[in-house]
Amino acid sequence: MPSFSAGASTQKQQNYQRRRQQIREQRKSLPIASVEKRLVDEVRKNDTLIIVGETGSGKTTQLPQFLYDGGFCQDGKVIGITQPRRVAAVTVAKRVAEECNDQLGKKVGYSIRFDDSTSNATRIKYMTDGLLLREALLDPLLSKYSVIVVDEAHERTVHTDVLLGLLKKVQHSRANASKNGKTLPSMGHSQNLTQKACQGTICAPLKLIIMSASLDAKCFSDYFGGAKAVHIQGRQYPVDILYTYQPESDYLDATLVTIFQIHLEEGPGDILAFLTGQEEIESLERLINERARLLPPESSKIWTTPIYSSLPSEQQMNAFKSAPAGTRKVVLATNIAETSVTIPGIKYVIDPGMVKARAYNPVTGMESLIIIPVSKAQALQRSGRAGREGPGKCFRLFQESEFDKLVDSTVPEIKRCNLSNVVLQLKALGIDDIIGFDFMEKPSRTAILKSLEQLILLGALTDDYKLSDPVGHQMARLPLDPMYSKALIVASEFKCLEEMLIVVSMLSVESIFFSPREKLEELQNAWRRAKMQMPKREQWKRL
Ligand SMILES: Nc1ncnc2c1ncn2[C@@H]1O[C@H](COP(=O)(O)OP(=O)(O)OP(=O)(O)O)[C@@H](O)[C@H]1O
């Protein structure tokens, strides 16, 4: 009897069916699946809800789908989910579109600065918190949204904190509007075209959901007037946490040693190591590749792939690809891979316990980046990147006694950054009394005054603290540090915009150098050419 194989198209169909079945089963097995009805009911009953559930329990990917099925997108309304980081917004949207068996950009889409994959059909929209703030400039009542989910709220980025204050205000205005029938009250914003467009329409109350695996529910509940908090129990797979016996004096070296220890002693599974920045990642990548050459020929190979914010996004996406057969993927990441993301294949997480954070001295007005120990919440998020596709292990490169000494959660960024941008955004939103603004945690008065002073000096505010016209309005529209926005506006007057764009771009990233391994030869040739083009070099020096 001859043997037969399925034709290519039948095989494709079978693979597709298998994948659909796998996704259905994965979704059903998530801890959140058993509380779908309860969660949807709670959202119906409460205008603000706080949801705390373990990492990997299914909050980010499932809740928006539950709400969609529960009828929260009727009348073309949109469910918006904010993420502190671009990479999370993009990858989660892709996953949810796949789960919905739909093309990205239709029912499910994402919107981040300079990249929008949404359409008129989009009903579940993932975006960065900064982007939603920008949308509020154009539509102060966020009228197209029925629900806004602020995910990973524990991160307390400056955008999250401003957004929380703003959403509270929007909720209040929309609740009043729906009570009064058709008339929308003023939010204290300057009358703009969109608000005029909003007036005369019925705006339903805005549902707000605050979510994380590691937030202080009480603190958020108090801020939102005693909002209800629900806890989702359980996680899909266990993660073993291991600590070192001794303190490690050099965490980079300890990370290198741990990577090879896992590679040689543990079973299959990819590794995710957290480092503090591009320089550390590049130097560790070099060391790993040097040492990998000395591995015995019979041992499996190592494929390193970095992920940090200034890496081009196509390169960032490499971390989400599978390693070739017989190769272990080692992802070297900053904290951009700390929350929300699921990196396929990751079984082992290495956490040296350090992070690069912004610090600000309001007296000198100087901002800096410093390396500090992570908080307990961050350590928990990092370990949660394992155990998403099966049981995992997290190697913390510090002693357990050190973990106990870590602060519970990170100091909100709003308390340790230059507030000029925040103040400018709030002014553009029509919020004049910055000191009186209902921040969840108020920044220091000195920091606010220093920012007001800087904005007056830059000409963004008038002497009576009003947004200047046109410069202040133009500056608020540019998604940049006010100093850079002003530089671009002035450069355009002086006809040197192109040069200033180069300078601002260079100043906006941690490092302007990026040398992908596969382009090393191209890079060396470019350097040789640059050496021969002296006049051009002079121009660079001037810049
Ligand atoms: N891109 C993906 N590829 C494969 N599986 C995924 C992907 N995204 C999510 N999953 C699966 O869905 C599960 C739930 O993910 P989800 O992001 O919804 O959890 P979460 O509770 O929001 O976690 P966290 O608090 O860490 O953000 C993951 O543990 C993983 O099993």
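It should be emphasised that the depicted structure is a prediction, and the values quoted were computed from it without experimental measurement.

1. Thoughts on the packing of helix 1 (residues 8–29) against helix 4 (residues 86–99)
Turning to step 1, where the next piece is worked out: Packing of helix 1 against helix 4 brings their axes to within 10 Å, and their N-to-C directions diverge by 110°. Here helix 1 lies roughly perpendicular to helix 4, going by the angle between them. Residues R19, R20, I23, Q26 and R27 of helix 1 lie in contact with helix 4, whose contacting residues are R95, E98 and E99.
Turning to step 2, where the next piece is worked out: Partitioned by chemical class, the residues of the contact of helix 1 with helix 4 number 1 nonpolar, 1 polar and 6 charged.

2. Quick look at the sheet that holds strand 12 (residues 327–333)
Turning to step 1, where the next piece is worked out: Ordered by their spatial adjacency, 6 strands build an open sheet running 9-16-13-10-12-11, and the pairing between neighbours is parallel. One side of each edge strand has no neighbouring strand; the edge strands of this open sheet are strand 9 (239–243) and strand 11 (301–307). On average, each strand axis in the sheet is tilted by 20° relative to the strand beside it, whichever way the strands run.
Turning to step 2, where the next piece is worked out: In this sheet, strand 16 (residues 392–396) lies alongside strand 9 in parallel orientation, the contact comprising 5 bridges. Paired with I241 across the strands is C394, a residue of strand 16.

3. Brief notes about the nonpolar core
A general feature of soluble globular proteins is that nonpolar side chains tend to end up buried together.
Turning to step 1, where the next piece is worked out: By size, the foremost hydrophobic cluster in this structure holds 57 residues, and its most contacted members are I148, I210 and L426.
Turning to step 2, where the next piece is worked out: With 7 residues, the single largest contributor to this core is helix 6 (residues 158–179).
Turning to step 3, where the next piece is worked out: Both domains that meet at this core, namely domain 1 (11–185 + 199–231) and domain 3 (419–533), each give it at least three residues.
Turning to step 4, where the next piece is worked out: Once residues lying within four places of it in the same chain are set aside, the contact partners of I210 are L49, I50, I51, V150, A153, L164, L215, F220 and F224.
Turning to step 5, where the next piece is worked out: In this structure, V43, L49, L67 and L272 belong to the second largest nonpolar core, which totals 51 residues.

4. With respect to the pattern of salt bridges
Turning to step 1, where the next piece is worked out: A full pass over the atoms with the stated rule returns 24 salt bridges.
Turning to step 2, where the next piece is worked out: In this structure, E413 engages R358 in a salt bridge whose closest nitrogen and oxygen atoms are separated by 2.8 Å. With a gap of 55 residues between them, E413 in the loop between helix 13 (400–405) and helix 14 (420–428) and R358 in strand 14 (residues 354–361) connect regions that are remote in the sequence.
Turning to step 3, where the next piece is worked out: Across the pair E402 and K405 runs a salt bridge whose closest N-O atoms are separated by 3.0 Å. Taken as a pair, E402 and K405 lie in helix 13 at a separation of 3 residues, close to a single helical turn.
Turning to step 4, where the next piece is worked out: The exposed category is assigned to K405, whose relative accessible area is 61%.
Turning to step 5, where the next piece is worked out: Each member of the salt-bridge network shares a partner with another, and the members are R27, R95 and E99.

5. Comments concerning the UniProt feature "domain: Helicase C-terminal" (unreviewed entry) in the protein chain
Turning to step 1, where the next piece is worked out: The feature "domain: Helicase C-terminal" (unreviewed entry), as given by UniProt, occupies residues 258–430 in the numbering adopted here.
Turning to step 2, where the next piece is worked out: End C-alpha atoms of residues 258–430 are separated by 52 Å, and the span's content is 29% helix alongside 27% strand.

6. Side note on the site of the ligand
Turning to step 1, where the next piece is worked out: In the vicinity of the ligand there are 16 residues, among which K59, T60, T61, R385 and R388 approach most closely.
Turning to step 2, where the next piece is worked out: Backbone polar atom of G56 to an oxygen atom of the ligand: 2.8 Å apart, as the coordinates give it.
Turning to step 3, where the next piece is worked out: Here K59 contributes a side-chain N or O atom positioned 2.8 Å from an oxygen atom of the ligand.
Turning to step 4, where the next piece is worked out: Of the residues forming the shell around the ligand, the biggest block, 3 residues, is contributed by helix 3 (residues 59–69).
Turning to step 5, where the next piece is worked out: Here the residues of the shell around the ligand are counted per class, giving 1 nonpolar, 9 polar and 6 charged.
Turning to step 6, where the next piece is worked out: Shared between two domains, the shell around the ligand holds at least three residues of each, these being domain 1 (11–185 + 199–231) and domain 2 (239–413).

7. Observations concerning the sheet that holds strand 8 (residues 228–232)
Turning to step 1, where the next piece is worked out: The 8 strands are arranged 4-3-5-2-6-7-1-8 in an open sheet whose pairing can be described as mixed. Looking along the sheet, the strands with just one partner apiece sit at the ends: strand 4 (115–116) and strand 8.
Turning to step 2, where the next piece is worked out: Pairing of strand 3 (residues 108–112) with strand 4 involves 2 bridges; the strand directions are antiparallel. Within strand 4, the residue paired with S111 across the bridge is D116.
Turning to step 3, where the next piece is worked out: Sitting on the sheet, helix 4 touches strand 2 (78–83), strand 3 and strand 5 (124–128), and the angle it makes with strand 3 is about 170°.

8. Considering helix 5 (residues 129–138)
Turning to step 1, where the next piece is worked out: For helix 5, the tally of buried residues reaches 8 of 10 residues, placing the bulk of the element in the interior.
Turning to step 2, where the next piece is worked out: Buried within helix 5 are the following residues: D129, G130, L131, L132, L133, E135, A136 and L137.

9. So, the domain arrangement of the protein chain
Turning to step 1, where the next piece is worked out: Taken as a whole, the protein chain is organised into domain 1 (11–185 + 199–231), domain 2 (239–413) and domain 3 (419–533).
Turning to step 2, where the next piece is worked out: The gap between the C-alpha centroids of domain 2 and domain 3 is 31 Å.
Turning to step 3, where the next piece is worked out: In this complex, domain 2 contributes 18 residues to the contact, which on the side of domain 3 involves 12 residues.
Turning to step 4, where the next piece is worked out: Interface area, domain 2 with domain 3, both sides summed: about 1100 Å², of which 49% is carbon and sulfur.
Turning to step 5, where the next piece is worked out: Across the domain 2-domain 3 interface, the total number found is 0 salt bridges.
Turning to step 6, where the next piece is worked out: Run the count over domain 2 and domain 3 and you get 0 residue pairs in polar contact (both at pLDDT 80 or more).
Turning to step 7, where the next piece is worked out: Those elements that provide at least two residues to the side of domain 2 that touches domain 3 are helix 10 (278–292) and strand 14.
Turning to step 8, where the next piece is worked out: Per-element accounting of the side of domain 2 that touches domain 3 gives the leading share, 4 residues, to helix 10.
Turning to step 9, where the next piece is worked out: Broken down by class, the residue content of the side of domain 2 that touches domain 3 amounts to 7 nonpolar, 8 polar and 3 charged.

Thresholds applied
Residues numbered from 1 in each chain as written. Predicted model: local features only at pLDDT ≥ 70, side-chain atom pairs only at ≥ 80, totals over all residues. Heavy atoms only, no water. Axes fitted to C-alpha atoms, helices over the stretch in contact; angles between N-to-C directions. Helix = DSSP H or I, 4+ residues; strand = E, 2+ residues; numbered from the N terminus. Parallel < 35°, antiparallel > 145°, perpendicular 65-115°, else oblique. Contact = heavy atoms within 4.5 Å. Nonpolar A, V, L, I, M, F, W, Y, C, P; charged D, E, K, R; others polar. Pairing = 2+ DSSP bridges. Core = buried A, V, L, I, M, F, W, Y, C linked by side-chain atoms within 4.5 Å. Buried < 20%, exposed > 50% of the residue type's maximum accessible area, 1.4 Å probe, protein only. Domains from an automatic or database assignment. Salt bridge = Lys/Arg side-chain N within 4 Å of Asp/Glu carboxyl O. UniProt positions renumbered as here; feature names shortened; annotations may be inferred. Near = heavy atom within 4 Å. Polar contact = N/O pair within 3.5 Å; in protein donor to acceptor, adjacent residues only side chain to side chain. Buried area = accessible area lost by both parts, 1.4 Å probe.

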